[in-house]
Amino acid sequence: MSRHFLAICLLATLLGGALPALAQDADAPIQTLLQEHGEAIAESSRRTIGPAIDALTDSGLPAAQRVLERWQAKEMWRNEETGLFVFAEEIDRDTLRIFDVAGEAEIGVVPDDGYDQLKPNSGIRGMIGAALVRFQLTDPDPAVRATALEAIGRDPEAAHLNTLRKALADEPDAALAERMARQERLLTIQYGESEAERIEAIEHFAGDLGVDVRAALNPLIATRLEVAETVPEGPEVARVLEPGSEALSREAAHALLVDEGLSAPPLSRDRKRDVLVANIEGGMVGGIEVASLSTDAARDTAYAALVAQGVAQPAATEQEIDAALDAHVFFERYIGAPPAVAAAAAAVLTGIENSVMVNQAADLVLDAISLGSIYFLAAIGLAITFGVMGVINMAHGEFIMMGAYTGFVVQQFVPDHTVSILLAIPLAFAVTFAAGVAMERLVIRWLYHRPLETLLATFGVSIALQQLAKNIFGTQARPLTAPGWLDGSLVFNDIVSISYIRIAIFVLALLFLAVFLLVMNRTRLGLEVRAVTQNPAMAGSMGINPDRINMLTFGFGSGIAGIAGVAIGLYAKVTSEMGSDYIVQSFMTVVVGGVGNIWGTLLGAGMIGGLQKMIEWLNPSNTLAAQTYMILFIILFIQFRPRGIIALKGRAAEA
Amino acid sequence: MSDIALSPGTRRPLVARYPALAVFMIVLALFTIGVTILSEGFGIGVISTSFVKTLGKTLCLCLVALAMDLVWGYCGILSLGHMAFFGIGGYAIGMWLMYARTEIIVTESLAAAPLPPTPQEISDGIAAQIFGVVGASEFPPIWAVAHSLPLQLLAAVLVPGLIALVFGWLAFRSRVTGVYLSILTQAMTLALALYLFQNDSGLRGNNGLSGLQNLPGLDHVAQSTVSLWFFWASALALALGYLLCTWIVSGKFGSVIRAIRDDEARVRFLGYPVEAYKLFVFTVTAVIAAIGGVLYYPQAGIVNPAEIAPIASIYLAVWVAIGGRGRLYGAVIGAALVSLLSTWFTGGQAPDIDLGFYTIRWVDWWTIALGLSFVAVTLFAPKGIGGLVDLVTERKSPQRHGADLGPDPGALREKEADE
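The structure displayed is predicted, hence computed values, not measured ones. (Residues numbered from 1 in each chain as written. Chains lettered and ligands numbered in written order. Predicted model: local features only at pLDDT ≥ 70, side-chain atom pairs only at ≥ 80, totals over all residues. Heavy atoms only, no water.)

J.: Would you mind going over the pairing of strand β3 (residues 95–100) of chain A with me for this structure?
T.: Residue and element names in this part refer to chain A. For strand β2 (residues 85–90) and β3, the ladder comprises five bridges, and the chain directions are antiparallel. Note that in β3 the partner of Glu89 across the bridge is Arg97. Connecting β2 to the antiparallel partner β3 that follows it, the hairpin turn spans four residues. Note that β3 and strand β4 (residues 106–111) share five bridges and pair antiparallel. Looking at β4, one finds that Thr95 is bridged to Pro111. Here β3 folds back onto β4 in antiparallel fashion, the turn holding five residues, of which Gly103 has a positive phi close to 85 degrees. (Pairing = 2+ DSSP bridges. Helix = DSSP H or I, 4+ residues; strand = E, 2+ residues; numbered from the N terminus.)

J.: Looking at this structure, how should I read the pattern of salt bridges?
T.: Per the stated rule, a full pass over the model turns up 21 salt bridges over all chains. When the shortest N-O distance is used, the salt bridge between Arg165 of chain A and Glu184 of chain A registers 2.9 Å. Taken together, the residues Arg165 of chain A in helix α8 (residues 158–170) and Glu184 of chain A in helix α9 (residues 174–191) connect sequence positions 19 residues apart. Its relative accessible area of 28% is what places Arg165 of chain A among the partly exposed residues. A salt bridge links Arg261 of chain B to Asp262 of chain B, with the shortest nitrogen-to-oxygen separation between them at 3.1 Å. (Salt bridge = Lys/Arg side-chain N within 4 Å of Asp/Glu carboxyl O. Buried < 20%, exposed > 50% of the residue type's maximum accessible area, 1.4 Å probe, protein only.)

J.: Looking at this structure, how should I read the sheet that holds strand β7 (residues 237–241) of chain A?
T.: Residues and elements named next belong to chain A. Overall, antiparallel pairing links the three strands, which are arranged β6-β10-β7 in an open sheet. The sheet is open, and its two borders are formed by β6 (223–228) and β7, each paired with just one other strand. Ignoring strand direction, the axes of neighbouring strands in this sheet form an average angle of 30 degrees. The pairing of β7 with strand β10 (residues 329–334) spans four bridges and is antiparallel. Following the sheet pairing, Val237 is matched in β10 by Arg333. (Axes fitted to C-alpha atoms, helices over the stretch in contact; angles between N-to-C directions.)

Here's what the structure looks like:
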C-alpha cells in the first residue's frame, strides 16, 4: 500500500506539484516508539531525554541507530500537526525533502512551514553519541567496532562504561575483546562506582607502559598544597612538605601563607616603590626628598618612616617569615580521587615510572646506535680516503650531498620509490666515484706530500660544489622519499621504538663495514692499496701502479660517501649544506677512532653517537649544547689518546 | 748577510733589513690620507660613508690575515680558529657598546618615573631590553664587566688569549700537529659557534649583538665622521700589527719558528722548547685577531654566531694562501683583494655576463669562481699573489741543488734564512 502511495507521490512530484507530506508509515514500530517519547524528544531537555534515548537504544529496532545518528546530526524534523517524526534535507531556506524514519523512503518535497527541526544541544548530542557507540560496538563489522573503541579511548565518558561492559559480554573476536576489556578497565578507573572496583582496575595495570594508563592514573593523584597548624590525620594527606626543600621553596611556602592571610607579605622592590610613589607629598616621602631616593637603603629608610606614620603596612621581616613558616605545616591533599584510590594509583604509577625509566634507557641505547650508525656511514668513506690514504678531503661532505641529490634526481624520473632507491644507490656510487677520481687526478695527486695544502685545495672544491648545488637545485630543502615499506617504526612497546629507516641505515652501516673489510683484506685491490699506502716506491717496484691504485681507492671512498648520501638523505632533508653538517663530526669520528683502522672508526662512531645521546638525555631541551660538549669532550679525549681509540703500532703507524 | 743576522751588535735597523716594511707603511699612510681626503666626513665626498666602512673593515681583515700568516705561513700551524678569536673580540666590544647604549636609553626612560631609579632598577631595565629577544631578563655572569669599557677591552684581549693559551697548551703538549691540529682547531671553532647559537649562552643566541655602529653618547656625531675614526684606528692597528709581526719574524725568534714549520722534530732535538714557541705564536696571533675583531664589529654593526662558524676561518686561510703566505705583505694583499672582490661580486654590483644561452650572475657564481681559483692558486702558484713581487725584484728561487727542502715548496726558506 505504501508503495502505491509512493508512486503517487512520485508522480505528483514529477508533475511539479508539492503534496502535503502525509505519505508516511505512521504505524512503523520505530515511529510508534518515537511517538511514545515524542514530548521528551521535542522538548530536548538534558534532564528528561535520558529515558527516550535508552528506550531507542534498548528497543533492538534496526532503524534505531539511523534515528539516533540523524537526530544527532540535526536532520530529524517533526510535523507540527501530526507530531510524526521525519528525516529531512534542507533544499533551500524554505523547502525540505523529507524521508520516512522507517525505511528512509523519500516522501516528498514540502515547504518547511509545517515542520519543526529538532535541535539537540551539545549535551544531548553527547548522550546520543554515547548511545551510538553501543551500536557501533555491536556492529557486525569488526573494523567499525575497533573504530568505536578507539573513539571511546580518545574521548572517554562515564556513559561509555555500561555500554562497553554490555558489548564486551558479546564480543566474539578475542583480540578485540582484549582491547575492550582494557578500555573497560581504563573507564572503570575513572568512572567506576565503588572504590574497590576502581582499585582493582588500577592494580590490574601494574607495570603497564601504555601512555593511556598513565593518562588515566595521573589525574587521580592530583594534589593541592595546603597549610595548617598541624598535619591532619587521615589518608587524604599525600605527603608533608618542608619549606625550603626542593619540592617547596621558601618563597612559595610563604606566598601560600600570605594567600591564606596567615602572614604579612614580604616587601618586594616593586611594592616598596609603589607605596613610596603613592605617598609623595610636595617632593617628600616620609620626610626624605624624592630626588635622593636613588638607592635601596634610602628607600628602606623612607618606607620605615611611612610605616612609623601608619601610612604603610609593615612588611614581614625575615624573622617573622621564619616564625610563620615554623608555626605551620605544609602538606599535599589528594583532590583527584578518594584517598584509597589515589594511594593505589600512586603505588602503581611509581612501579610504572620505574619500568618506564628502564625502557627509556633501552630507547636511548637504540637512539645512540642509530645516531652512531649515521656517523659511521658519513665517516666510512673518509676512513678510506683519510684513514687509509691519509688524504684530507674537505669535500667529502659535498660527495655525501652529491649522492643525496643523485637520489633526488632519480626520484624525479622514476616515480616508484622502491625502484628509484634501488636505482639511486648504484648511480650515486657511480657519480661520486667519477667525481672522486676526477678530483684525485686533477688536484690531489699533485699534493700528496703537502697535506695542509690538500686540505685547502679540497676546501676550495668543497665551496665550489656547494655553491654549484645551490645554483642548480636552489636553497630550499629537497625531499628524498623513502619507499613505503620503510615507513613507520618497529614498536616494542609504547616507549621503545625505532623507525625502519634507522634500522635500514644501521643495516647499511654494517653492510658497508663488511664490504670495506672484504675489499681491503680479501681482494687484490685491497692488497695493493695496503701496499701502496705503506710504501709507494716499494709497491711500484713490485709491479703495482701506485697512481692507478690511489685513483681507485679515492674513487672507492668517494663512491661510498655517495651511497651514504642517499641513506642520509632518506633520513634528513637534502640541502646543499647537508655535507658541511657532517664533515667535522666525520673527521672527529675517524680521528677519535684511530686513523687507519676501520674498527676504530666503528668504535669512534659508536662512542660519539652514544655520548651525544647521553648528553642530550641529561639536558633534553638543548641539542646544540649536546654538540658543544661533545666536541669539547673529543678535544679532551685526544689529549689522552692522541692516536685515537685504536692506535696503529709498529711499521703501519709510520706510513 | 747571514753573518749580520748572527751578530746582534752590528744589526741594521728593521726597516733596512725589511724594505717591505717601509714600503708597506708608506702605502698604508698614503691610502689612509687618500681615503680621508675623498671621504664624506672630512674631504670632498667622493667615497660614500658605507664604502669607508667597507675599507675600514677590510683593514681589520688584513690585520687578522697578518696574524694568520704569522701562525700559518711562518710557524706552520694551520689554525682554523682565528676567526673565532676575531669574533670573540667583536663580542667583547659589542657587549660594552650594547650595554652602554641601552643604559642611556633606560636611564632616559626611567628619568620620567616618579622616583629616581636605583642602580638595581637600571640594571634590570637594561637586562630586560637586551635579553628580551631570547626571553630572559637577567644579566648572565658573563656580562659582569660589561658596564666598563676598559675592563671589557681587557676582556677582549684576555679571553681569546686565554682560550688560545689553554687550547694551544693542550694541543701542542700532546703533539697534535699538521692536519690533525687543523681539524682540532676547526672543532674548537664549531663548538664555540654552536655554544653561542644557544639562547641560554647569555649572548642573545643567534640574534647576536646588534646596533654596534652607534657609539653610546655620540649620537650627535654623524656616521660619516665615526666611520673615519674607525678607519684611522683600523689603519693604525694594521700598521702596529705589521710592525709587531715584522719584529717577531726578524731575528732569532723568527728563525726558530720558521725552522719549526720546516722540521719540528729537528728543532726539538736541537734543544728548543718547540711547544713554548708555538704556544707563544698561537696566543699572540689570537690576541691580534681579537683586536682586529674589536675594531671590525663596530663598523659592521652586528656580530652573531654565524660569523664564528668554521667556514670563516677557512676563508681566512684562503685569503692568506691567495695573497702568498710566508710573507706579511702577501697576507695583507690577499685579504684586501679577496674580501673586496667578494663584497663587489656578491653585492650584486658586478655586471652579469650574458652568454646568450645562459646568464652568469655573479651573485651565484662568484663563490664557485673563488673556490676554483683557490684550487688553482694552491696547485700552480703556491707563492700566491705575493710571488709576483719576486718577478719585479727579480728574486730568484734559492739554489736547492735539486734537493727537496721539506714539505712546503711554497716558502722560500733559504732566502728567509738569509734575511
